[in-house]
Amino acid sequence: MDNKSPDAFRTISEVAEDLDIPQHVLRFWETRFSQIKPLKRGGGRRYYRPDDVALLKGIRRLLYGEGYTIKGLQRILKEQGPRYVQAIGRGGEIAGGNAPAPSAAAAHAAPSRAAPMPAAQPTQHHHGAAAAEPGFAAKALLSSLPRSAQPLVGADDLAFLKATLSELIECRRLLHGALATAGAGEDG
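Remember, it's a predicted structure, so these values are computed and weren't measured experimentally. All residue numbers refer to positions counted from 1 along the written sequence of the respective chain. Thresholds applied to this predicted model are a pLDDT of at least 70 for local features of residues and 80 or more for the giving and counting of side-chain atom pairs; totals over whole chains, interfaces and linings are not thresholded and use all residues. Excluding hydrogens and water, the side-chain figures rest on all heavy atoms present in the structure.

## Concerning the overall build of the protein
- Across its full length, the protein holds 8 helices and 3 strands.
- To sort residues, take the accessible area from a 1.4 Å probe on protein chains only and compare it with the maximum for the residue type: under 20% means buried, over 50% means exposed, and anything in between is partly exposed. In the protein, buried positions account for 34% of the 188 residues.
- Considering only intrachain contacts with a sequence separation of at least 6, the fraction spanning at least 24 residues in the protein is 62%.
- Per-residue and other accessible areas follow the Shrake-Rupley method at a 1.4 Å probe size, with only the shown protein chains counted as cover for residues. Roughly 11,300 Å² of accessible area belongs to the protein as shown, and the carbon and sulfur atoms make up 56% of that amount. Here a strand is any run of E in DSSP of at least two residues, a helix any run of H or I of at least four, and the numbering for each starts at the N terminus. We call two residues in contact whenever any of their non-hydrogen atoms come within 4.5 Å of each other.

Shown next as structure tokens:
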């Protein structure tokens, strides 16, 4: 994409390469985010405007980099508007204002080339530095329960649970990669 003008339209393959995600993920995002509206030409070829690319970069950053869920990002787009997400895609700061907290599991996940799995949003919204702490939403939910309903977890149990969670997240990443590779083979 280096040899094109910054104002030039981009093909789906150029955008996918630039964002380091498979083309089918871009097509999937179109089904989940109505704000993504590439121009479609003969044969269904997609052409992305610079604003479309900025929006996609913002979506990628919020989903993969910040750990937001699809539902959380849909809420951001509804409440803050696509220009807010485009600004994030252009390297802008993420405001803590009305944006929902990232899911606890996604906060652990490394960015991958696979499509994100929709996850449940935390029931409480937390902002600031503490919200970025892994497991913060789960800890907050547990602490809101009456003492009699809180599980007794020792240090050994907690270490085991953290290790198990890390293994599950890695398994999820590998599964997404395998599915993305299999999906790319079918598209070819």
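What follows continues from the structure just given.
## What to know about the pattern of salt bridges
- For this document, the term salt bridge refers to a Lys or Arg side-chain nitrogen within 4 Å of an Asp or Glu carboxyl oxygen. The full count for this structure, using the stated rule, is 6 salt bridges.
- Note that Arg 46 is salt-bridged to Glu 30, the shortest N-O span being 2.7 Å. In this pair, Arg 46 is assigned in strand S3 (residues 46–48) and Glu 30 in helix H2 (residues 23–32), connecting sequence segments 16 residues apart.
- The buried category is assigned to Arg 46, whose relative accessible area is 17%.
- Ionic pairing is found between Asp 51 and Arg 90, a salt bridge with its closest N-O pair at 2.5 Å. Taken together, the positions of Asp 51 in helix H3 (residues 50–65) and Arg 90 in the loop between helix H5 (82–89) and helix H6 (104–108) put the pair 39 residues apart, joining distant regions of the chain.
- Overlapping salt bridges, with partners in common, bring together Glu 30, Lys 40 and Arg 46 in one network.

## Focus on helix H4 (residues 70–80)
- Taken residue by residue, H4 has Ile 70, Gly 72, Leu 73, Ile 76 and Leu 77 as its buried positions. Axial view of H4: buried residues confined to an arc of 160°, hence all on one face. For H4, the exposed residues lying more than 90 degrees away from the buried face are Lys 71 and Lys 78.
- On its buried face, H4 is in contact with H2, H3 and H5.
- Phi turns positive, to about 95°, at Gly 81, one or two residues after H4. Arc, as used here, means the arc of the directions from the helix axis to the C-beta atoms.

## Focus on the packing of helix H1 (residues 12–19) against H2
- The angle between two axes is taken between their N-to-C directions and runs from 0 to 180 degrees, where each axis is a line fitted to C-alpha atoms and a helix contributes only its stretch in contact. Between H1 and H2, the least distance of the axes is 8 Å, while the angle of their chain directions is 100°. Classified by the angle between their axes, H1 and H2 sit roughly perpendicular to one another. Of the residues in H2, those touching H1 at Ile 12, Ser 13, Val 15, Ala 16 and Leu 19 are Gln 23, Leu 26 and Arg 27. Angles are sorted into four bins: roughly parallel if under 35 degrees, roughly antiparallel if over 145, roughly perpendicular if 65 to 115, and oblique for all others.

## Structural notes on H1
- All of the buried residues in H1 are Ile 12, Glu 14, Val 15, Ala 16 and Leu 19.
- Packed against the buried residues of H1 are strand S1 (10–11), H2, S3 and H3.
- Asp 20, located one to two residues past H1, shows a positive phi value of around 60°.

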